[in-house]
Amino acid sequence: MGVNCAYIMNSTKVSRMELPCSLITITSETYLNDALRIMNENKISGVPVLHDMTGETMGFVDMLDILHELVDEYDTHSSAGTYHASLLLEGPLCHKRASELIDKSKRDAFLPVSLTSSLTDVSNLLGHGVHRVPVVDFDEKGSLKSVITQSTLSRYLFSLCATEPFRSVGEKTLAQLGLAAKEVVTVHESAKTIQAFKMIKLMKVSAVGVVNDYGMLLSIISASDVKAIMDNDDTRVDLDDLRLAAFEFAKKRHRDVLPPSVTTSPNSSLATVM
């Protein structure tokens, strides 16, 4: 990023961004299945956890944290009936509270910024593996005001791509910016779905590609597919489904109508990707 871009990033404060005015939160005593339901209903992948007594923000619980917990429990209780019933309604996960799952994946540390922090401060955090950055008011005992996600920052930066100096950066390709060299984690279409979830945990990624013998991308399995354990219409996934081949799981998850995978290439411009 050029000097002028760096200057703008350093001088632009978080308060300039359009941040969500209302926050969805849960308490430290919220059960896992209720946390999943709240995230499902609000179409979010993570939620701040407030202390049940003091209201203090303790951290986040997101789909990766839940995936890590489910993989651990699967290994222990893989012979205990359906995934939904045995692990959520009757089993140990039913008794898990949000406070026990905060940053279980070690991918969502609570690293707050203020409204007067710069975009550079935020991008440095998001660029080093943190998925969301809490915005707090340190004058009000650190009360939580909003949350900046990777998508929030990306949308804001995209809005700047129509003007210089960001236009010039946006016109560069991923290859030119050194953003196309990271290896993609994949599983074969015949691999069991639970192996795909385990690969997400092991490789510290948010999703894995599902490929065939020729390396062609067929679908994607992500941490968000953990939502399938909720009994929602016909999309409930049980224990046997986690033993399905990854591609078969993806088809069942989407009722045999797989959404097209959004892909790009090293020659795509940054603005196009954003």
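Everything that follows concerns the structure shown earlier in this document.
Residues numbered from 1 in each chain as written. Predicted model: local features only at pLDDT ≥ 70, side-chain atom pairs only at ≥ 80, totals over all residues. Heavy atoms only, no water.

### Things to note about the overall build of the protein chain
Scanning the protein chain from terminus to terminus reveals eleven helices and eight strands. Residues counted as buried form 44% of the 274 residues belonging to the protein chain. Here the contacts in the protein chain between residues at least 6 apart in sequence split such that 61% fall between residues at least 24 apart. Of the roughly 14600 Å² of accessible surface on the protein chain, a fraction of 52% belongs to carbon and sulfur atoms. (Helix = DSSP H or I, 4+ residues; strand = E, 2+ residues; numbered from the N terminus. Buried < 20%, exposed > 50% of the residue type's maximum accessible area, 1.4 Å probe, protein only. Contact = heavy atoms within 4.5 Å. Areas by Shrake-Rupley, 256 points an atom, 1.4 Å probe, with all protein chains shown as cover.)

### Considerations on the sheet that holds strand β7 (residues 207-211)
The sheet built from three strands is open, its strands ordered β6-β7-β8 with mixed pairing. Only two strands of the sheet have a single neighbouring strand rather than two, namely β6 (186-188) and β8 (217-222). Between one strand axis and the next, the sheet turns by 30 degrees as a mean value, whatever way the strands run. Taken together, the three bridges between β6 and β7 define a ladder with parallel strand orientation. Its bridge partner lying in β7, Thr186 is registered against Gly209. (Pairing = 2+ DSSP bridges. Axes fitted to C-alpha atoms, helices over the stretch in contact; angles between N-to-C directions.)

### Regarding helix α10 (residues 246-253)
Of the residues making up α10, those classed as buried are Ala246, Phe247, Phe249, Ala250 and Arg253. Projection of α10 onto a plane perpendicular to its axis shows the buried side chains occupying an angular sector of 160 degrees, all on one side. Structurally, α10 contributes buried residues whose contacts are with β6, α9 (193-203), β7 and β8. (Arc of directions from axis to C-beta.)

### A few points about the pattern of salt bridges
Applying the stated criterion across every chain, the model contains eleven salt bridges. Where Asp72 meets Lys201, a salt bridge forms, and the shortest distance between an N and an O atom there is 2.5 Å. Of the two residues, Asp72 is situated in helix α3 (residues 63-77) and Lys201 in helix α9; the sequence distance between them amounts to 129 residues. Its relative accessible area of 29% is what places Asp72 among the partly exposed residues. Beyond isolated ion pairs, a larger network of salt bridges with shared partners links Glu69, Asp72, Lys96, Glu100, Lys104 and Lys201. (Salt bridge = Lys/Arg side-chain N within 4 Å of Asp/Glu carboxyl O.)

### With respect to the nonpolar core
In this structure, Ile66, Phe197, Val208 and Ile221 are the most contacted members of the largest nonpolar core, which totals 34 residues. Of all the secondary structure elements, the ones that give two or more residues to this core are α2 (32-42), β2 (46-50), α3, α5 (98-101), α9, β7 and α10. When residues of this core are assigned to their parent elements, the largest contribution, seven residues, is made by α3. Once residues within four sequence positions are removed from consideration, Phe197 is found in contact with Leu67, Val71, Ile221, Ser222, Asp225, Leu242 and Phe249. Core analysis: the next-biggest nonpolar cluster, separate from the first, contains 22 residues, Met9, Leu19, Leu125 and Leu126 among them. (Core = buried A, V, L, I, M, F, W, Y, C linked by side-chain atoms within 4.5 Å.)

### Regarding the environment of Ser224
Mapped onto the elements of the fold, Ser224 is located in the loop between β8 and α10. Classification of Ser224 as partly exposed rests on a relative accessible area of 30%. The spatial distance from the C-alpha of Ser224 to the C-alpha of Asp62 is 9.1 Å, given a sequence separation of 162 residues.

### Observations concerning unusual backbone geometry
Unusually for a residue other than glycine, Lys106 sits at a positive phi of about 60 degrees. Mapped onto the elements of the fold, Lys106 is located in the loop between α5 and α6 (119-126). Even without being a glycine, Lys204 presents a positive backbone phi close to 60 degrees. Along the polypeptide, Lys204 turns up in the loop between α9 and β7. Residue class for Lys204 comes out exposed when judged on its relative accessible area of 61%.

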